[in-house]
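Residue-level structural notes
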Amino acid sequence: MATVTIDGQQIEIPDELRLNAVQAAARAGIEVPHYCWHPGLSVAGSCRMCLIEAGSRDPQTGEISMIPKLVPGCQTPAKDGSVFVTNSEKVQHARAMVEEDLLLNHPIDCPICDKAGECLLQDYHFQYGQDERRADVRPFTSRRRDVGPTVTLFVDRCINCSRCVRFTREITGTAELMMVGRGSHTEIDVVPGFPLDNNLSGNVVDLCPVGALGDKDFLYKQRVWFMNRHAGVCTGCSTGCSIWTEENQDRVYRIKPRENLEVNKWWICNAGRYGYPHVHSDKRLLAPSRRKGDSTETVDWSSLATELDGRLREAGRLAAVLSPHLTVEEAYLLATYARQLDPEARLALGPVPVIGTDETFPGGFTIAAEKCPNRRGVEAVLEHFTGSVTTLEGLLDELENSTMGSIWVSAGYKSDWIDEPTAARLAKADLLVVQDMFASPLSERAGYVLPGAAFAERDGSYVNRHDRLQSAARAIRPPGGVRVEGGLYWRLLERDGLYDAPAVLQEMAATITQFAAAAGEIPEVGVDLKGNLLADGTTAGEATV
Ligand code: FES
């Protein structure tokens, strides 16, 4: 254990942690401002915003000797006996000088800058800068450069921290960005003909501490202080990145990575970042409907649960298809309900979309080919109820030789997921109930079509491909006319009150071996279920996309 003194406060740092002075200070609750340093990138030590006083304590005498000059905290390791001073006059003067220098060339265009409200230059200037500008005010400049399909560069706002350049070299390995020119003429640029066009490119916007790199998807759509952010889980692939879903008045405007060293570190891919427009698509199903002859009629939610329950009981043998887009709580409730109606109910895993192969970057981030968030979680639920996992193809084979009174299919895919022949095979049952966000060949054949919720509208947990369970709360309310899947199952099971996903997970942790590790509060980084689940690869679903 290393003992480090920061502003007179002693903290203990476990030996296995190798921290610099910025990180050590953060553990003591002290902010050391920094621009160029980022925990996920190499140390550049170029901005000098993190200058502090440093020294060491003699272990024998306890005497402290300080280095005469200020040192960059990002480059200074916190070792046993280290002493750091982050609040002296000398340090404060150095910070003010760095701020003044950066603002010599930075346009003061905060009112029209997307970064305003979350800009480190703005925040640090108010906290550490001088009250007055001594230099002549320069004419406003706003050169804009298109550096790639997702990102635009406001050249004059750049403070040359080089985070974006290091990201493309160290994490994506694509090295599209570079610094050109010297001294105060240094700028970020791309080589002509080689734009910033990799599948993690959106991360450079998050990395940019000022408003130099703008996200074309988000640009000028929303002031950041109007948005609320909610901790969520990306449902775009089975990596299950931790995300922030940022919304204003039930409309999602931005998805950003949420730090989780166990899953995605500080990054998310572009597919996850920009993969939310379907949430607000005007093609979504917005009211439950019932087939009547060749047409359909809208059903009222208030009477639907009772009506459905009656029809399903009448129909006899039941099969349920559990989508890998359901949360584990929803899968559990649907399976519970199906087995309550029919103790022999057939349960199967919905189609698992697989596109191409996994894409792994030099920095370790992987975009999974499996484009659903919860195959492993739904498999664990199925294993609990049936002892094994049946795929949709397996269920369809069974249906060739047996009759099924009713089939309940949960879907929730954001793109085409089922073809006409498969839909026709499922529609052989007397009663077909389909829960989905969009119309499909299956919903066109269904007796009941129930509009389903999008990822941002659900509470619940997902188990990623490495068997890590993460929980998320809904970020927005579903559109009027849509009921969250879990809420409907809760109602069908005649449980009291409103759907309570955390309570369902605790019920599962107490009764299902596979989810025992999920007992208690789920930490932000999630919990590891490995060891309690079936070995992966034994139950893989079929690809349909
Ligand atoms: Fe330390 Fe930039 S953060 S020099």
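Residues numbered from 1 in each chain as written. Predicted model: local features only at pLDDT ≥ 70, side-chain atom pairs only at ≥ 80, totals over all residues. Heavy atoms only, no water.

**What about the sheet that holds strand E25 (residues 468-472)?**
The strand order across the open sheet formed by three strands is E24-E25-E26, and the pairing between neighbours is antiparallel. Edge positions in the sheet fall to strand E24 (460-463) and strand E26 (527-528), since each has one partner strand and no second. Looking at chain direction, E25 and E26 are connected through two bridges and run antiparallel. Within the sheet, the bridge partner assigned to arginine 468 lies in E26 and is aspartate 528. (Pairing = 2+ DSSP bridges. Helix = DSSP H or I, 4+ residues; strand = E, 2+ residues; numbered from the N terminus.)

**Comments concerning unusual backbone geometry**
Of note in this structure, asparagine 160 is not a glycine but carries a positive phi near 60°. If you trace the backbone, asparagine 160 turns up in the loop between strand E8 (151-154) and helix H4 (163-170). A residue is classified by how much of its surface remains accessible, and asparagine 160, at 24% relative accessible area, is partly exposed. With a phi angle near 65°, aspartate 250 is a residue other than glycine that sits in the positive phi range. Topologically, aspartate 250 is positioned in the loop between strand E13 (242-248) and strand E14 (251-257). Here aspartate 250 falls in the partly exposed class, since its relative accessible area comes to 24%. (Buried < 20%, exposed > 50% of the residue type's maximum accessible area, 1.4 Å probe, protein only.)

**Remarks on a negative patch on the surface**
On the surface, Glu12, Asp15, Glu16 and Asp80 cluster together into a patch of negative charge. Structurally, the position occupied by aspartate 80 is in the loop between strand E5 (71-72) and strand E6 (82-85). (Patch = residues over 30% accessible without salt bridge, like charges linked within 9 Å, V, L, I, M, F, W, Y side chains within 5 Å. Areas by Shrake-Rupley, 256 points an atom, 1.4 Å probe, with all protein chains shown as cover. Salt bridge = Lys/Arg side-chain N within 4 Å of Asp/Glu carboxyl O. Lys, Arg positive; Asp, Glu negative; His and termini not counted. Charge placed at Lys NZ, Arg CZ, Asp CG, Glu CD.)

**A few points about the confidence of the model for the protein**
For any part of a model where pLDDT is low, the fine detail of the predicted coordinates should not be relied upon. Across the protein, pLDDT averages 95, with 98% of residues at or above 70. Throughout residues 538-545 the model reports pLDDT below 50, and contacts reaching past four residues in sequence, or to other chains, amount to 26 contacts. (pLDDT = per-residue confidence, 0-100. Contact = heavy atoms within 4.5 Å.)

**Let's talk about helix H9 (residues 375-386)**
Taking 1.5 Å as the rise per residue, H9 with 12 residues should run 16 Å; its terminal C-alpha atoms sit 16 Å apart, in good agreement. For H9, a buried count of 10 out of 12 residues is recorded, marking the element as mostly surrounded by other parts of the structure. Along H9, the positions that sit buried rather than exposed are Arg375, Arg376, Gly377, Val378, Glu379, Ala380, Val381, Leu382, Glu383 and Phe385. In the core, the buried residues of H9 are packed alongside strand E17 (318-322), helix H8 (328-341), strand E18 (346-349), E24 and helix H13 (501-511). In the stretch just after H9, glycine 387 is the one whose phi turns positive, near 85°. (Expected span 1.5 Å × (residues − 1).)

**Details of the packing of aromatic side chains**
Following the criterion strictly, the structure yields nine aromatic pairs and no others. Each ring, one from tyrosine 413 and one from tryptophan 417, has its centre 4.9 Å from the other, and the planes form 20°; the classification is stacked. The ring of phenylalanine 154 carries the charged tip of arginine 157 above its face, separated from the ring centre by 4.1 Å. (Phe/Tyr/Trp six-rings, centres within 6.5 Å; stacked < 30°, edge-to-face > 60°. Lys NZ or Arg CZ within 6 Å of the ring centre and 35° of its normal.)

**Some points on the state of the cysteines**
Following the criterion strictly, the structure yields zero disulfides and no others. In this model cysteine 234 remains outside any disulfide bridge; the closest cysteine sulfur is found in cysteine 241, 5.8 Å from its own. (Disulfide = S-S within 2.5 Å.)

**So, the packing of helix H7 (residues 301-315) against helix H12 (residues 485-492)**
Working note: a packed helix pair is described by the angle between its axes plus the distance between those axes. The interhelical angle for the contact between H7 and H12, taken along N-to-C directions, is 60°, at an axis separation of 10 Å. Compared by their axis directions, H7 and H12 come out oblique. In this structure, H7 meets H12 at a crossing whose hand is right-handed. The residues of H12 that touch H7, namely those facing Trp301, Ser302, Ala305 and Asp309, are Leu488, Arg491 and Leu492. Each residue belonging to the contact of H7 with H12 can be placed in one class, and the counts come to four nonpolar, one polar and two charged. (Axes fitted to C-alpha atoms, helices over the stretch in contact; angles between N-to-C directions. Parallel < 35°, antiparallel > 145°, perpendicular 65-115°, else oblique. Left-handed = near helix turned anticlockwise from the far one by under 90°. Nonpolar A, V, L, I, M, F, W, Y, C, P; charged D, E, K, R; others polar.)

**Observations concerning the environment of glycine 8**
Mapping glycine 8 onto the fold places it in the loop between strand E1 (2-6) and strand E2 (9-13). Taking the C-alpha atoms as reference, glycine 8 lies 53 Å from valine 381; in sequence the two are 373 residues apart.

**Points about the pairing of strand E22 (residues 431-436)**
Looking along a regular strand, one sees the side chains alternate between the two faces of the sheet. When you tally the buried positions in E22, you get six out of six residues, the bulk of the element. Neither face of E22 is exposed, since Leu431, Val433 and Gln435 on one face and Leu432, Val434 and Asp436 on the opposite face are all buried. Both strand E21 (residues 406-410) and E22 contribute to a ladder of five bridges, which runs parallel. Within E22, the residue paired with tryptophan 408 across the bridge is valine 433.

**Section: the sheet that holds E14**
The three strands lie next to each other as E12-E13-E14, forming an open sheet whose pairing is antiparallel. Where the open sheet ends on each side, the last strands, each with one partner, are strand E12 (228-233) and E14. Going from strand to strand, the sheet's axes swing by 30° on average, the running direction of each strand aside. Inspection of the sheet shows E13 paired to E14 by six bridges, in the antiparallel sense. Residue pairing for E14: threonine 245 is matched across the bridge by isoleucine 255.

**Re the pairing of E24**
Neither face of E24 is left uncovered, since the one carrying Gly460 and Tyr462 and the one carrying Ser461 and Val463 both have all their residues buried. Where E24 meets E25, four bridges bridge the pair, whose relative direction is antiparallel. Looking at E25, one finds that valine 463 is bridged to leucine 469. The hairpin turn running from E24 into E25, its antiparallel successor, is four residues long, and aspartate 467 in that turn takes a positive phi close to 65°.

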